[in-house]
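Residue strings, one per chain:
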Amino acid sequence: MANCLAFTENERLANYCLLETVSGKLVDENTAAIVFQRLSFEGYFGGLPKAISDYDITPTLYYSDNINGGNPDKKLKLGNLEFDGEPDLVAKEGTVVGVRLNGNSRFTYGEGRYLNTTVSASLAYSPEHSLSYTQTNLQVCTKNKIRRNAHIDVCASANKQNKEISSSDESSLTSSYSRMFINEFGATEVKMGLRRLSAQDYQQNQLTLSSDLIHTNNGFYSLGLILGESVKDQLTTRYVINVNAAKYYAGRKYNLSFTHGFSDGGKLLGVDRNERTHSLVISTAIHANTSLSIGYANVRSSIGYFDRSYPIVSLTRKW
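As the structure is a prediction and not an experimental result, all values here were calculated from the model.

Draft legend 1. Structural detail: the nonpolar core. Counting residues in hydrophobic clusters, the biggest one holds 17 residues, and the most contacted among them are F7, L13, C17, L18, V35, I214 and F220. Looking at this core, the elements with two or more residues in it are α2 (11-22) and α3 (29-40). When residues of this core are assigned to their parent elements, the largest contribution, 6 residues, is made by α2. Setting aside chain neighbours within four positions, we find F7 in contact with A14, I214, N218, G219, F220, A246, K247, Y248 and K253.

Pasting the structure below:
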């Protein structure tokens, strides 16, 4: 049971693991209370008596390679042509101090059925450059059990970021089907979904596939794949592979995340553009409610002007 509760990356899978572990067994009062509390949040045992909500404030100190949303600080070369960039539009990098307000609410309306809403708003500031930018995120999901180990979820999300020079605004609607099962490796959830992504300049259909595993060796492992359709004259995601692992060493939990992605379809002055992206990040809690993330990201473009390499460093505390 402790193995099921050690990992919060997938709430539904952890609860399924917990329920399958204690099913048919005699449990003590404390165990019964844990099972009741966790499953009532998913609509079981009568569900929640009323909608609940909570919030937290998260200060963050991190490095940003593009604080103002500017352009690379180098010449743009296309064949025999060479262009100088506007100095006032060059990207600025450095240490950023940020604070994010997160809110979450949940309403249950049946066994294994609930509506979950998360919202966050953040403000980041660079003392070095006297620049700030904002970001807002909203996600609303309805989770629905259709059988003991099968679910259908529908999620709508919206994300907006405003920087001094550029901004981004996108939304998505995702419908997915998942199944959970127990085998010799542990508790597993496999999921398949369809997503409609709406960005500022285009819309794209995506197929999402994922598998999460709470392993019997006291570890959590996740593999995800996103496949996107081609969009004419737009640089869009064609595929993204995400690999995540979480495990305890010497009483401390470590999370490792690796991402590889490929985008194509873009054009710049008639020249084709594609990009390959890699990132690797390791995170751990260094103190109660304080976590540290360290990593590295690399972007390689068919147009060298857009090549980037930068460290990923952040220190976050949750209140």
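Now that the structure has been shown, the text picks up again.
Draft legend 2. Representation of the pairing of strand β11 (residues 219-228) within the structure. Relative to β11, strand β10 (residues 203-215) runs antiparallel, the two being bridged by 10 bridges. Residue H215 lies in a different strand from β11, and its bridge partner there is G219. Counted along the chain from β10 to the antiparallel partner β11, the turn is 3 residues long, and its residue N218 has a positive phi close to 65°. As paired strands, β11 and strand β12 (residues 236-249) are joined by 9 bridges and run antiparallel to one another. Counterpart to L227 in the pairing with β12 is Y239.

Draft legend 3. Representation of the environment of N183. Tracing the sequence through the fold places N183 in strand β8 (residues 167-183). Along the primary structure N183 and H215 are separated by 32 residues, whereas in three dimensions their C-alpha atoms are 9.7 Å apart.

Draft legend 4. Here's a closer look at the pattern of salt bridges. The final tally for this structure, using the stated rule, is 16 salt bridges. Two residues, K253 and E9, come together in a salt bridge whose shortest N-O distance is 2.9 Å. With K253 in strand β13 (residues 252-268) and E9 in the loop between α1 (2-5) and α2, the pair connects residues that are 244 residues apart, well separated along the chain. Judged by its relative accessible area of 35%, E9 falls in the partly exposed class. For E189, the salt bridge is made with R12, and the minimal N-O distance between the two is 3.1 Å. Here E189 is found in strand β9 (residues 186-198), whereas its partner R12 is found in helix α2, with 177 residues between them in sequence. On the basis of relative accessible area, E189 is assigned to the buried category, the value being 4%.

Draft legend 5. Here's a closer look at a nonpolar patch on the surface. Together, L223, I241, V243, L256, F258, L280, I282, I294 and V313 give the surface a local cluster of nonpolar side chains, amounting to about 700 Å² of exposed area. Elements represented by at least two residues in the nonpolar patch include exactly β12, β13 and β14 (271-287). Looking at where I294 falls in the secondary structure, it is placed in strand β15 (residues 290-301). Assessed through its relative accessible area of 46%, I294 is described here as partly exposed.

Draft legend 6. Spatial organisation of unusual backbone geometry. Despite not being glycine, S130 has its phi angle at roughly 55°, a positive value. Mapped onto the fold, S130 is located in the loop between β5 (113-126) and β6 (131-147). Its identity is not glycine, yet D233 carries a phi of approximately 60°, on the positive side. Inspection of the secondary structure assignment puts D233 in the loop between β11 and β12.

Draft legend 7. Region of the structure containing the state of the cysteines. This model, assessed by the stated rule, comprises 2 disulfides. Between the sulfur of C4 and that of C17 lies a disulfide, 2.0 Å long from S to S. Here the disulfide of C4 and C17 is left-handed, its torsion about the S-S bond being about -60°. Here C4, found in helix α1, pairs with C17, found in helix α2; they are 13 residues apart in sequence, far enough to count as distant. Like C17, C4 is buried. The side chain of C141 participates in a disulfide bridge whose partner is C155; the two sulfur atoms lie 2.1 Å from each other. Handedness here is read from the sign of the S-S torsion; for C141 and C155, about 120°, the answer is right-handed. Placement of C141 in strand β6 and of C155 in strand β7 (residues 150-162) is noted, with a sequence separation of 14 residues between them. The residues C141 and C155 share a single accessibility class, namely buried. Ordering the disulfide-forming cysteines of the protein chain by sequence position, one finds them joined as 1-2, 3-4.

What counts as what
By convention here, each chain's residues receive numbers from 1 onward along its written sequence. Owing to the predicted nature of the model, reporting of local features is limited to residues with pLDDT of at least 70; listing and counting of side-chain atom pairs is limited to 80 or more, with chain, interface and lining totals taken over all residues. Note that water and hydrogens are dropped before the side-chain values are worked out from all heavy atoms of the structure. Grouping buried Ala, Val, Leu, Ile, Met, Phe, Trp, Tyr and Cys residues that are joined through side-chain atoms within 4.5 Å yields what is termed a nonpolar core. Any residue under 20% of the maximum accessible area for its type is buried, any over 50% is exposed, and the rest in between are partly exposed; the area is computed with a 1.4 Å probe on protein chains only. Where helices and strands are cited, they refer to DSSP runs of H or I of at least four residues and of E of at least two residues respectively, numbered from the N terminus. Whether two residues touch is decided by their heavy atoms; if any such pair falls within 4.5 Å, the residues are in contact. Here a strand pair is declared whenever DSSP counts at least two bridges between the two strands. By definition here, a salt bridge exists when the distance from a side-chain nitrogen of Lys or Arg to a carboxyl oxygen of Asp or Glu is within 4 Å. Residues enter patches when they are more than 30% accessible in relative terms and free of salt bridges; like-charged ones are connected within 9 Å and nonpolar ones (Val, Leu, Ile, Met, Phe, Trp, Tyr) within 5 Å. The Shrake-Rupley method, run with a 1.4 Å probe sphere, supplies the accessible areas, and residue values consider only the shown protein chains as cover. Working definition: a disulfide is two cysteine sulfur atoms within 2.5 Å of each other.

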